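Residue-level structure breakdown
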Amino acid sequence: MDYMAAAMRGDIARLAELSFDCVMCGLCTSRCPAEICQYNIAILGRRLYGKYVAPKATHLTSMAEEVKKGKYEPMLQELMKADIDTLKKLYTAREIEPEQADESWAPKDKTYL
């Protein structure tokens, strides 16, 4: 109910923070005497936070421009023409991000970035 109070106050940042652990199971709704669907408020709060409060990821704008300009089109065409065995080899040979990687981690091969 704490995030519901934040929602009623219009505190979107606090609502998003407090509702972070909500897994949308619906148990609160089934027990609520006022028949309030709290998890829908949690979803709304998170979406509003992402859209209007959270800082914009500047790197996404430049990446989207590169996609629009067709930077990745030749690579995609090459993958689409590849046979199943080639795709399997590429998939199993890929560099996987370590489980406990920090924010500065980047793959050695930056061809597709």
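My aim in this report is to walk through the structure given alongside it, one point at a time. (Residues numbered from 1 in each chain as written. Predicted model: local features only at pLDDT ≥ 70, side-chain atom pairs only at ≥ 80, totals over all residues. Heavy atoms only, no water.)

1. Remarks on the overall build of the protein chain
This is how it is decided: Put simply, DSSP marks the helices as runs of H or I at least four residues long and the strands as runs of E at least two long, and each gets a number from the N terminus on. Here the globule rule reads 2.2 Å times residues to the power 0.38, and the radius of gyration is calculated from C-alpha atoms. Classification of residues uses two cut-offs on accessible area relative to the type maximum, computed with a 1.4 Å probe and protein chains only: under 20% is buried, over 50% is exposed, and between them is partly exposed. Whether two residues are in contact is decided by their heavy atoms, any of which lying within 4.5 Å being enough. Surface accessibility in these figures is a Shrake-Rupley result with a 1.4 Å probe; residues are shielded only by whichever protein chains are displayed. Counted as positive: Lys and Arg. Counted as negative: Asp and Glu. His and the chain ends are not counted at all. For charged residues, the charge sits on one atom: NZ in Lys, CZ in Arg, CG in Asp, CD in Glu.
The secondary structure content of the protein chain amounts to 7 helices and 0 strands. Along the protein chain, helices and strands appear, N-terminal first, in the series α-α-α-α-α-α-α. The C-alpha radius of gyration computed for the protein chain amounts to 21 Å, which surpasses the reference 13 Å derived for 113 residues by more than 25%, pointing to a less compact arrangement than a globule. Principal-axis analysis of the C-alpha atoms gives the protein chain an extent of 60 × 30 × 30 Å. Looking at the protein chain as a whole, 13% of its 113 residues qualify as buried. Here the contacts in the protein chain between residues at least 6 apart in sequence split such that 44% fall between residues at least 24 apart. Split by element, the accessible area of the protein chain, about 9500 Å² in all, is 58% carbon and sulfur. Taken as two groups, the 16 positive and 17 negative side-chain charges of the protein chain have centres that lie 4 Å from each other.

2. Here we look at the packing of aromatic side chains
In this description, an aromatic ring pair is defined by two values, namely the gap between the centres and the angle between the planes. Using the following cut-off: For Phe, Tyr and Trp, where Trp contributes only its six-membered ring, two rings pair if their centres lie within 6.5 Å, and the inter-plane angle classes them as stacked under 30 degrees, edge-to-face over 60, or tilted in between. Counted as over-ring charges are cases with an Arg CZ or a Lys NZ within 6 Å of the ring centre that also lie within 35 degrees of the ring normal.
The tally for this structure, following the rule as stated, stands at 0 aromatic pairs. Directly above the ring of Tyr91 sits Arg94, whose terminal nitrogen or CZ lies 3.7 Å from the centroid.

3. Things to note about the environment of Ser104
Stated formally: Throughout this description, a polar contact denotes any pair of N or O atoms lying within 3.5 Å of each other; where both atoms belong to protein, one of them has to be capable of donating a hydrogen while the other can accept it, and for residues adjacent in sequence the pair is counted only when both atoms sit in side chains.
For Ser104, the position within the fold is in the segment after helix 7 (84-93). At 2.8 Å, the side chain of Ser104 and the side chain of Asp102 are in polar contact.

4. Let's talk about the packing of helix 1 (residues 2-9) against helix 4 (residues 38-53)
Rules: Helix axes are fitted only over the stretch in contact, all axes being lines through C-alpha atoms; the angle between N-to-C directions runs from 0 to 180 degrees. Comment on the angle field: the value is read as roughly parallel under 35 degrees, roughly antiparallel over 145, roughly perpendicular from 65 to 115, and oblique elsewhere. Handedness of a crossing follows from how the near helix is turned relative to the far one, being left-handed for an anticlockwise turn of less than a right angle and right-handed for a clockwise one. We call Asp, Glu, Lys and Arg charged. Ala, Val, Leu, Ile, Met, Phe, Trp, Tyr, Cys and Pro are nonpolar, and the rest, Gly among them, are polar.
For the pair helix 1 and helix 4, the least separation of the axes is 10 Å and the interaxial angle reads 55 degrees. In terms of orientation, helix 1 and helix 4 fall into the oblique class. Here helix 1 and helix 4 pass one another in a crossing that is left-handed. Taking contact as the criterion, the partners of Tyr3, Met4 and Ala7 in helix 1 are, on helix 4, Gln38, Tyr39, Ile41 and Ala42. Of the residues contributing to the contact of helix 1 with helix 4, the split by class is 6 nonpolar, 1 polar and no charged.

Remember that the coordinates give geometry; whether it matters functionally is a separate question.
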